[in-house]
Number of protein chains: 2
Amino acid sequence: MQQHPQEEILAQYGERMLLALDWLSTFGSDPEGGVTRLLYAEPWLKAQLALIDNMQSMGLKADFDEIGNVYGKLQGSNPALKPVLTGSHIDTVKNGGKYDGAYGVIASMMALGYLKAVYGTPKRTLEMVSFCEEEGSRFPLAYWGSGHVTGVLSLAEGVGLADPEGVTLLEAMEQAGFETSQSGQYPAKRDDIGAYIEIHIEQGAVLEFKEKQIGVVTAIVGQIRMTVVVTGTPNHAGTTPMTMRKDALAAAAEMVALTEQMALTEGEPMVATVGRLEVKRGTSNVVPGEVEFTLDIRHTDERKIEAFRADLLAKFMEIAVRRDLHIEMVEHLNALPVAMDSGISAEIEAACDFYGYEHIRMPSGAGHDAQLFGPICPSAMIFVPSRAGISHSPKEFTKPDELVVGFQTLVHVLYQYGYGGKADETL
Amino acid sequence: MQQHPQEEILAQYGERMLLALDWLSTFGSDPEGGVTRLLYAEPWLKAQLALIDNMQSMGLKADFDEIGNVYGKLQGSNPALKPVLTGSHIDTVKNGGKYDGAYGVIASMMALGYLKAVYGTPKRTLEMVSFCEEEGSRFPLAYWGSGHVTGVLSLAEGVGLADPEGVTLLEAMEQAGFETSQSGQYPAKRDDIGAYIEIHIEQGAVLEFKEKQIGVVTAIVGQIRMTVVVTGTPNHAGTTPMTMRKDALAAAAEMVALTEQMALTEGEPMVATVGRLEVKRGTSNVVPGEVEFTLDIRHTDERKIEAFRADLLAKFMEIAVRRDLHIEMVEHLNALPVAMDSGISAEIEAACDFYGYEHIRMPSGAGHDAQLFGPICPSAMIFVPSRAGISHSPKEFTKPDELVVGFQTLVHVLYQYGYGGKADETL
């Protein structure tokens, strides 16, 4: 392929990929806008079944696993080589876009279809996957698909979870035709995967801003989420002199400004966000007595997150002490960063260079299925630009030619691991 | 009285005043705590009727006016002298305290009762008033009582107003037995009042903090209320680098901090408060796209308010421009400061000095009926301490001896205008 890529056929598959992406978005097309394909719901089930049909028509061996992930397999000739898995997720947020997850599923499917059509049986088995769930939009739990495959989640984690209508996760699973009483607790777990490669829209505006076609993900950021509660004294806004106030909002405002300033000073890839802030019983003529706000800190380096957090919270304490206010901080989430594999990432860069695509290394600030695979096998991600960084919205958009650039890059990398220079390498 | 005050009898009336205050709080005693006496509701009507009985039993000529204010009159011997009116309001907020308004009504009633009992007929007519409404707790309109007396409000202003249960103001008025089709639009307006004196709890913590017994009010502050809307761009908290954000909350936090800082720098009596702040569609993992907050600026000097507002808003604009955000500011209220009369205030200070009560001059940061009288006749206010500045709450509290101190001060001033050194003065 390095010498004589089947450029014309590849271009045809690129066109088919765009059409298939539109086709997939008709499953769960929401009258209120965008696409709504929630785990185990009817549009979701029809989409997975239709994907199986499509994979089979392209000569892939395709089926559900025990919990609803769909695999499509292009069997390799050498059973000693661990397969490379590529894919993403089929579910969406409510009124989501047609690219998030879906692009990775469709691009993977078309890549394997193209490789089989042009190059036949690979040395190494190449597999694609359409994960049943990643977003956590119907039930309060994310990564139900990749979590099961990697053994991080079992059916037990689904017990007791229900959607807003009161349907439990296991009920929904059975209604969609999946067995919930499997003898093993990890019915969908796999131990044979050699590497995982995921192509995805960026969901940020960095590629667009820097005018790059491909982002090669260095790491998926670690993340701490906290809630901070500042308690002062509610007082009459007219009769309480400025010097006698214990204003919880003025204190929180100092903290919000400090959070932004410190993250800017730390520099990329540090991001720190106060996304929600609530003044309890806030009215215009009362000095705020209580404020609650969230804190979201992300970086690719765990030690940077910890140092930042420690520094920030010490400064929050100083503000509270100086103002004679009470402060409470509760951690809700502490997810470690997940590094992507430098070997596969180098192959992605080589593919870009081969085609002349502008690329940069960048962290992923959002979570992805790839972060479940990172700890158990070499994993990598390819980003394509998102218009204005918008995601989880009907306005989510990536230009067709940008989608095709990503697709070609993925094809090239999969070719290397299935047929090319990396086809004999032990993973 | 300067020479030989009837100290023993005055002390008895002080005790009776405390008992009467407790007695009044039984009208509208709320099972959920505190006192709830809403305009024209049954507890309110019973309280006003009981007050009339009490006034009559003390020899005052007492009755309702056309809209439900209750007057008690101690007729003077010289009809050429305009009467001095003293009083406050009978209504409360929901689950309010037993001092706000009620103290002024009871202290006034007992003051006239004492003066009549000890000194008989005054030269100048002394009147007390229990205003029907000041708080705006039942209908969205405050000062219904004093507003009518001063001709600022007419029945027309009540048309179309309804309480949360849908009862209109005029219906409630009729149900309480008041006529709503008076020939004049200003049925309760009076043009004969020579001066107005109101005693009230401070509703702030300045007197307590400074260990003073009496606050002599220099002015009721003017006030501007605004709403500020900051619009940025909602973005993914993970994928949007700090330098690419248009964070509406970070901008608003800068504005809140600046508001506090500038008010502190300006010094007393400037107060500026952001009491309500709302992050629209705020979630922990999204950079806030829109924030709305209130701004409440108060000072006794109108020019200071205007200069502060202009300076603050210019700085808000700078912040918005620097951050490339949109800002919108809407004014809801612009009330001028109302100066209290220096002559009456001097009499209040003289009374304090006579008894040896510690006093200070101070602004009123809250609104009071006296601000309606300020523009039409010499008006003054006497403040007594509020424990911890708490008001509009069942926790509202003033110590009995502090209430008596205020009562004696009021009696002394009324004596001067009715019988003493100011009794012949034209007002």
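What you see is a predicted model, and the numbers here were worked out from it, not measured in a lab.

Colleague: Help me understand the UniProt feature "binding site: Zn(2+) 1" (unreviewed entry) in chain A in this model?
Modeller: Residues and elements named next belong to chain A. With numbering aligned to this structure, UniProt lists the feature "binding site: Zn(2+) 1" (unreviewed entry) at His89, Asp100 and His200. These annotated residues cover 112 residues of sequence, but their C-alpha atoms sit close together, with the largest distance between any two at 9.8 Å. Among the structural elements, His89 can be located in strand 3 (residues 84–89). Filtering out sequence-adjacent residues up to four positions away, His89 remains in contact with Asp100, Gly101, Ala102, Val105, Phe131, Glu134, Glu135, His200 and Asp369. A polar side-chain atom of His89 sits 3.0 Å from a polar atom in the side chain of Asp91. Along the polypeptide, His200 turns up in strand 5 (residues 195–201). When its relative accessible area of 1% is taken as the criterion, His200 is described as buried. Apart from residues lying up to four places away in sequence, His200 is in contact with Ser88, His89, Asp100, Gly101, Tyr103, His368, Met381, Ile382, Phe383 and Val384. For His200, the side chain forms a polar contact with the main-chain nitrogen of Gly101, separated by 3.4 Å.

Colleague: How do you make sense of the nonpolar core when you look at a structure like this?
Modeller: Nonpolar side chains in soluble globular proteins generally cluster together in the buried interior. With 78 residues, the main nonpolar core has A:Tyr40, A:Tyr103, A:Trp144 and A:Phe407 as its most contacted residues. A per-element tally of this core places helix 3 (residues 102–119) of chain A first, with eleven residues. Residues contacting A:Tyr103, with those up to four places away along its chain left out, are A:Met17, A:Leu21, A:Ile199, A:His200, A:Ile201, A:Val384, A:Glu402, A:Leu403, A:Gly406 and A:Phe407. The next biggest cluster of nonpolar side chains, apart from the first, holds 76 residues, and it includes B:Ile197, B:Ala351, B:Val405 and B:Val411.

Colleague: Mind showing me how you'd approach the packing of aromatic side chains here?
Modeller: The geometry of two aromatic rings is summed up by the distance between their centres and the angle between their planes. All names here are of chain A. According to the stated counting rule, one finds 34 aromatic pairs over all chains in the structure shown. Plain terms: the ring middles of Trp23 and Phe27 are 5.3 Å apart, the flat faces sit at 80 degrees to each other, and that makes the pair edge-to-face. Given a relative accessible area of 27%, Trp23 falls into the partly exposed group. Measuring from centroid to centroid gives 5.8 Å for Tyr40 and Phe178, while their planes differ by 45 degrees, and the two rings are tilted.

Colleague: Please explain the environment of A:Glu165 as it appears in this structure.
Modeller: All names here are of chain A. The residue Glu165 is located in the loop between helix 4 (144–149) and helix 5 (169–175) in this model. For Glu165, a relative accessible area of 67% gives the class exposed. Between the alpha carbons of Glu165 and Ala252 there is a distance of 36 Å; along the sequence they are 87 residues apart.

Colleague: I would appreciate a short explanation of the state of the cysteines in the present structure.
Modeller: Taken as a whole and judged by the stated rule, the model has zero disulfides over all chains. B:Cys377 forms no disulfide, and the closest cysteine sulfur to it belongs to B:Cys132, at a distance of 18 Å.

Colleague: For this particular structure, what's the right way to read the relation of the copies chain A and chain B?
Modeller: One copy of the chain maps onto the other through a rotation about an axis followed by a shift along the same axis. Relative to chain B, chain A is turned by 180 degrees and slid 0.1 Å along the rotation axis, the superposed coordinates differing by an RMSD of 0.1 Å. Given the turn and translation reported, the copies of this chain are related as if by a two-fold rotation axis. In terms of proximity to the rotation axis, the leading residue of chain A is A:Ala253, whose C-alpha is 2.2 Å off the axis. Most of the interface of chain A is mirrored in chain B, where 100% of its interface residues are also at the interface.

Colleague: Sorry, what's going on with the interface of chain A and chain B here?
Modeller: Interface size, as often reported, equals the accessible area lost upon joining of the parts. Listed per partner, the contact involves 50 residues of chain A and 50 residues of chain B. For the pair chain A and chain B, the summed buried surface comes to about 4000 Å²; carbon and sulfur atoms form 62% of the total. Of all residues in chain A, A:Thr239, A:Met242 and A:Ser284 give up the largest surface area on contact with chain B, accounting jointly for 15% of the area buried on that side. Counting across the chain A and chain B interface gives two salt bridges. Across the salt bridge formed by B:Arg323 and A:Glu260, the nearest N and O atoms sit 2.6 Å from each other. Here chain A and chain B share eight residue pairs in polar contact (both at pLDDT 80 or more) between them. Those elements that provide at least two residues to the side of chain A that touches chain B are helix 6 (206–210), strand 8 (235–236), helix 7 (248–266), strand 9 (271–273), strand 10 (277–279), strand 11 (286–287) and strand 12 (290–299) of chain A. It is helix 7 of chain A that provides the largest number of residues to the side of chain A that touches chain B, a total of eight residues.

Colleague: Would you mind going over the domain arrangement of chain A with me for this structure?
Modeller: Residue and element names in this part refer to chain A. Per the domain assignment, the segments making up chain A are domain 1 (7–220 + 337–418) and domain 2 (222–335). Counting from both sides, the interface comprises six residues of domain 1 and, opposite them, eight residues of domain 2. Of all residues in domain 1, Pro337, Pro363 and Gly365 bury the most surface against domain 2, accounting for 74% of the area lost on that side. Counting every contact that joins domain 1 to domain 2 gives zero salt bridges. For the pair domain 1 and domain 2, the interface holds one residue pair in polar contact (both at pLDDT 80 or more).

Colleague: How should the environment of A:Glu171 be read in this particular structure?
Modeller: Residues and elements named next belong to chain A. Structurally, the position occupied by Glu171 is in helix 5. Judged by relative accessible area, Glu171 falls into the partly exposed class, the value being 39%. Sequence separation between Glu171 and Leu161 is ten residues; the distance between their C-alpha atoms is 10.0 Å.

Colleague: I tried to follow the side chain of B:Ser284 on my own but got confused; where do I start?
Modeller: Take B:Ser284: it is sitting in the loop between strand 10 (277–279) and strand 11 (286–287). Setting aside chain neighbours within four positions, we find B:Ser284 in contact with A:Arg225, A:Thr273, A:Gly275, A:Arg276, A:Thr294, A:Asp296 and B:Ala237.

Colleague: Is there a simple way to think about the UniProt feature "binding site: Zn(2+) 2" (unreviewed entry) in chain A in this case?
Modeller: Residue and element names in this part refer to chain A. Following the UniProt record, one finds the feature "binding site: Zn(2+) 2" (unreviewed entry) at Asp100, Glu135 and His392. Annotated residues spanning 293 residues; largest pairwise C-alpha distance 9.9 Å, indicating a single compact cluster. In contact with Glu135, other than residues within four places in its own chain, are His89, Asp91, Thr92, Val93, Asp100, Ala142 and His392. Along the chain, His392 falls in the loop between strand 16 (379–384) and helix 11 (400–418). Using a relative accessible area of 36% as the deciding quantity, one classes His392 as partly exposed. Those residues in contact with His392 that sit more than four places away from it in its chain are Val93, Asn95, Gly96, Asp100, Glu135 and Gln203.

Colleague: I'm lost on the packing of helix 2 (residues 42–57) of chain B against helix 3 (residues 102–119) of chain B in this one. Help?
Modeller: Relative orientation and spacing of two packed helices are given, respectively, by the angle between their axes and the distance between those axes. Residues and elements named next belong to chain B. Running from N to C, helix 2 and helix 3 cross one another at 20 degrees; their axes reach a closest spacing of 10 Å. On the basis of the axis angle, helix 2 is roughly parallel to helix 3. For helix 2 against helix 3, the interelement crossing comes out right-handed. Contacts between helix 2 and helix 3 involve Leu51, Asn54 and Met55 from the former and Val105, Ile106 and Met109 from the latter. A per-class count over the contact of helix 2 with helix 3 returns five nonpolar, one polar and no charged.

Colleague: Explain helix 11 of chain A to me, please; I cannot follow it from the model alone.
Modeller: Every α-helix winds through 3.6 residues per turn, so residues three or four apart in the chain are directed the same way. With 19 residues, helix 11 of chain A should reach 27 Å at 1.5 Å per residue; the first-to-last C-alpha distance of 26 Å fits that figure. Where burial is concerned, most of helix 11 of chain A is hidden: 17 out of the 19 residues are buried.

Criteria and cut-off values
Residues numbered from 1 in each chain as written. Chains lettered and ligands numbered in written order. Predicted model: local features only at pLDDT ≥ 70, side-chain atom pairs only at ≥ 80, totals over all residues. Heavy atoms only, no water. UniProt positions renumbered as here; feature names shortened; annotations may be inferred. Helix = DSSP H or I, 4+ residues; strand = E, 2+ residues; numbered from the N terminus. Contact = heavy atoms within 4.5 Å. Polar contact = N/O pair within 3.5 Å; in protein donor to acceptor, adjacent residues only side chain to side chain. Buried < 20%, exposed > 50% of the residue type's maximum accessible area, 1.4 Å probe, protein only. Core = buried A, V, L, I, M, F, W, Y, C linked by side-chain atoms within 4.5 Å. Phe/Tyr/Trp six-rings, centres within 6.5 Å; stacked < 30°, edge-to-face > 60°. Disulfide = S-S within 2.5 Å. Least-squares fit on C-alpha atoms with pLDDT ≥ 70 in both. Buried area = accessible area lost by both parts, 1.4 Å probe. Salt bridge = Lys/Arg side-chain N within 4 Å of Asp/Glu carboxyl O. Domains from an automatic or database assignment. Axes fitted to C-alpha atoms, helices over the stretch in contact; angles between N-to-C directions. Parallel < 35°, antiparallel > 145°, perpendicular 65-115°, else oblique. Left-handed = near helix turned anticlockwise from the far one by under 90°. Nonpolar A, V, L, I, M, F, W, Y, C, P; charged D, E, K, R; others polar. Expected span 1.5 Å × (residues − 1).

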